[in-house]
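# A structural walkthrough
Take a look at the letters that make up each chain.
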Amino acid sequence: MERIAELEVMDDEEQARGYAKADFSEGHNRFVALFRDIFPDTSPGDVALDLGCGAADVTIRFARALPAVRVVGIDAAEAMLAIARDAIAAQPELDGRIRLVRGHLPEAALEAQAYDIILSNSLLHHLVDPHTMWRAAQHYGKPGAPVFVMDLRRTESREEARRLVARYTQPTDAPVLINDFYNSLISAYTPEEIRAQLDEAGLNHFTVQPLMDRYVLVHGRLR
Ligand SMILES: C[S@@+](CC[C@H](N)C(=O)[O-])C[C@H]1O[C@@H](n2cnc3c(N)ncnc32)[C@H](O)[C@@H]1O
């Protein structure tokens, strides 16, 4: 099935609220657990960059699981960042270890080659130009930095997308969220497309791994 692109930035308040209210704990905890399995050797003082951090749910779970690491989250949507700020403020034990930056990749005002870890969950399928993801990882990550990207993968048909939506949403979920999930499944990149993106970016040593019935995991270290 051909990709049908979703809107890039989630700056609509209703959409941001619907997304932030959803329970992503299973997927987001899995994100953190898989990162720790694959890259167990983080160091005290490391700074991670979370590309497309949204409402910072992954950012917060990551910071809680790795208490010696600081995290910078970047997102283009003020509607998402406003929710993220409240979520972080509600967790004083994070002790200022998360900083949020508003910026539209690839033009974000962040220091180049400054980050020890590059993370991203569910951003890739939003990007008009997917090369933005791989360029950002290379531009902001220090040489040798682990890059860990998880996203949905595109279904083979609209029917398959509808089946997944029926399986993984509840009738009580916000309609905007149900709609977003469907749109994300049909705008996601396939593992083959991601492989081609990585080859073009000079990251052909990265691993691309389909995960469960709807995700894809991409990981590797910058050279
Ligand atoms: C589906 S949300 C994922 C949020 C978060 N990472 C999570 O897993 O909950 C995608 C986020 O990427 C942001 N985004 C999309 N394109 C972007 C860009 N070019 N630069 C920065 N943020 C972007 C959107 O505004 C949105 O908040």
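Here is what the cut-offs are and how they apply
Residues numbered from 1 in each chain as written. Predicted model: local features only at pLDDT ≥ 70, side-chain atom pairs only at ≥ 80, totals over all residues. Heavy atoms only, no water. Axes fitted to C-alpha atoms, helices over the stretch in contact; angles between N-to-C directions. Helix = DSSP H or I, 4+ residues; strand = E, 2+ residues; numbered from the N terminus. Parallel < 35°, antiparallel > 145°, perpendicular 65-115°, else oblique. Left-handed = near helix turned anticlockwise from the far one by under 90°. Contact = heavy atoms within 4.5 Å. Nonpolar A, V, L, I, M, F, W, Y, C, P; charged D, E, K, R; others polar. Buried < 20%, exposed > 50% of the residue type's maximum accessible area, 1.4 Å probe, protein only. Arc of directions from axis to C-beta. Polar contact = N/O pair within 3.5 Å; in protein donor to acceptor, adjacent residues only side chain to side chain. Pairing = 2+ DSSP bridges. Right-handed = clockwise from strand over helix to strand, strands pointing away.

To continue, consider the packing of helix H5 (residues 131-140) against helix H8 (residues 191-201). Closest axis-to-axis distance for the H5/H8 pair is 10 Å, and the angle between their directions is 45°. On the basis of their axis angle, the class for H5 and H8 is oblique. The two elements H5 and H8 meet at a crossing, and its hand is right-handed. Contacts between H5 and H8 pair His131, Trp134 and Gln138 from the former with Ile194, Gln197, Leu198, Glu200 and Ala201 from the latter. Looking at the contact of H5 with H8 residue by residue, the class counts come to four nonpolar, three polar and one charged.

Moving on, we get to helix H1 (residues 13-21). Turning to H1, its buried residues are Gln15, Ala16 and Gly18. Looking down the long axis of H1, one finds its buried residues gathered within 165° of arc, a one-sided arrangement. In H1, the exposed positions that point more than 90 degrees away from the buried face belong to Glu13 and Lys21. The distance from a side-chain oxygen at the start of H1 to the backbone nitrogen of Glu14 is 3.2 Å, and the residue carrying that oxygen is Asp12.

Attention now goes to the pairing of strand E5 (residues 146-152). With seven of seven residues buried, E5 lies mostly within the body of the structure. The pairing of strand E4 (residues 117-121) with E5 spans four bridges and is classified as parallel. Considered in E5, the bridge of Leu119 is made with Phe148. For the crossover from E4 across H5 to E5, the handedness is right-handed. Pairing of E5 with strand E7 (residues 215-221) involves seven bridges; the strand directions are antiparallel. Pairing of Met150 across the sheet is with Leu217, part of E7.

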